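Per-entry structural report
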Amino acid sequence: MIDNLSSTMSTAQRMAAPKDKSVLGKDDFFKMLLTQLKNQDPTSPLDGTEFAAQMAQFTSLEQLRNMNDTLEASMNANLQLAQSVNNTMTATLIGKEVKIGGNTLKYEGQEKIGFGYKLAADAHTVTINIYDSNNKLVKTIETPSTQMGDTKLYWDFTDNANNKVPKGEYRFEVEAKMSNEDKIAVSLFKYGTIDAIRFNELGTHIVVGNIEYSLSDVLEIINSKINR
């Protein structure tokens, strides 16, 4: 639905763009035809067959313009309908658990933030490192879970000395290894409960833990609500 809406909006925007001045419209064509008739040689008037052909071209041009206007109106109507349906459906997501792709963690004063990782296979060791915006290590978590699949954690925004970190953006990395030290593929995500939906000029956003995320970042929506 999101991809279809983006495609519809893109098409409508192209059709609503200013018309290329290098393309002759029906008014230009009609002016040229009148000028040709006005300035023709009286001793050698325009051949009837040629005149009929030009009038046929004019009629075809008029029909194409009318079709374009109708199509443009239809696209605009479809865009408005798609936006309305999308907004209505998105509002029903409030209260549901959501997984959001990416490894960035934003701290704006909230109590904690949910994050996690998915292992492609069982691991022998797992290490999580959290860095600040200056790439400085602030927190390390050793082997929280080594089982294949999803592992969900919370970070309370404290560093290794158990002090609160400053507000800002952070990122986390997960390294998982087998007993022979071979690395295991890991995918990272955030998660939480959708508290609100916000609509603005940049599109539709979900609010999780007072942080806004784009719908395009959503990996999965789960019906159950997280126990906080």
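Calculation criteria
- Residues numbered from 1 in each chain as written.
- Predicted model: local features only at pLDDT ≥ 70, side-chain atom pairs only at ≥ 80, totals over all residues.
- Heavy atoms only, no water.
- pLDDT = per-residue confidence, 0-100.
- Contact = heavy atoms within 4.5 Å.
- Phe/Tyr/Trp six-rings, centres within 6.5 Å; stacked < 30°, edge-to-face > 60°.
- Helix = DSSP H or I, 4+ residues; strand = E, 2+ residues; numbered from the N terminus.
- Buried < 20%, exposed > 50% of the residue type's maximum accessible area, 1.4 Å probe, protein only.
- Lys NZ or Arg CZ within 6 Å of the ring centre and 35° of its normal.
- Core = buried A, V, L, I, M, F, W, Y, C linked by side-chain atoms within 4.5 Å.
- Pairing = 2+ DSSP bridges.
- Salt bridge = Lys/Arg side-chain N within 4 Å of Asp/Glu carboxyl O.

With that settled, the discussion passes to the confidence of the model for the protein chain. Of the residues in the protein chain, 66% have a pLDDT of 70 or more, and the chain-wide mean is 78. Confidence drops under pLDDT 50 across residues 1-17; counting only partners more than four residues distant or on other chains, this segment forms 21 contacts.

Throughout the structure, instances matching the rule amount to five aromatic pairs. Taking 5.4 Å as the distance between ring centres and 80° as the angle between the ring planes, the aromatic pair formed by tryptophan 155 and tyrosine 170 counts as edge-to-face. With tryptophan 155 in strand β6 (residues 149-155) and tyrosine 170 in strand β7 (residues 168-177), this residue pair connects regions lying 15 residues apart in the sequence. Like tryptophan 155, the residue tyrosine 170 is buried in the burial classification. An aromatic cluster of at least three residues, connected via ring pairs, comprises Tyr107, Trp155, Phe157 and Tyr170. If you follow lysine 99 out to its NZ or CZ, it ends over the ring of phenylalanine 189, 4.4 Å from the centre. Between the NZ or CZ atom of arginine 171 and the centre of the ring of tyrosine 131, over which it lies, the distance is 4.4 Å.

Core analysis: the largest hydrophobic core is formed by 30 residues, its most contacted members being Phe115, Ile128, Ile130, Trp155, Tyr170 and Ile206. When residues no more than four places from it in sequence are discounted, the contact partners of isoleucine 130 are Phe115, Lys136, Leu137, Val138, Lys139, Trp155, Tyr170, Arg171 and Phe172.

In this structure, asparagine 135 is a non-glycine residue whose phi angle is positive, near 65°. Tracing the sequence through the fold places asparagine 135 in the loop between β4 (125-131) and β5 (137-142). What makes asparagine 135 partly exposed here is its relative accessible area of 49%. Although it is not a glycine, asparagine 210 sits at a positive phi angle of roughly 70°. The residue asparagine 210 is located in the loop between β9 (203-208) and β10 (211-214) in this model.

Let's shift gears to the pairing of β7. Sheet analysis places strand β2 (residues 104-107) next to β7, joined by four bridges and oriented antiparallel. In the sheet register, threonine 104 faces β7, and the bridge partner there is arginine 171.

By secondary structure assignment, the location of lysine 99 is in strand β1 (residues 97-101). Once residues within four sequence positions are removed from consideration, lysine 99 is found in contact with Asp150, Phe189, Lys190, Tyr191, Asp217, Val218, Leu219 and Glu220.

A complete count under the given rule lists nine salt bridges for this structure. Across the pair lysine 177 and glutamate 175 runs a salt bridge, and its minimum N-O distance is 3.9 Å. A salt bridge links arginine 198 to glutamate 212, with the nearest nitrogen and oxygen atoms 2.8 Å apart. Of this pair, arginine 198 sits in strand β8 (residues 186-200) while glutamate 212 is found in strand β10, placing the two residues 14 residues apart along the sequence. For glutamate 212, a relative accessible area of 35% translates into the label partly exposed.

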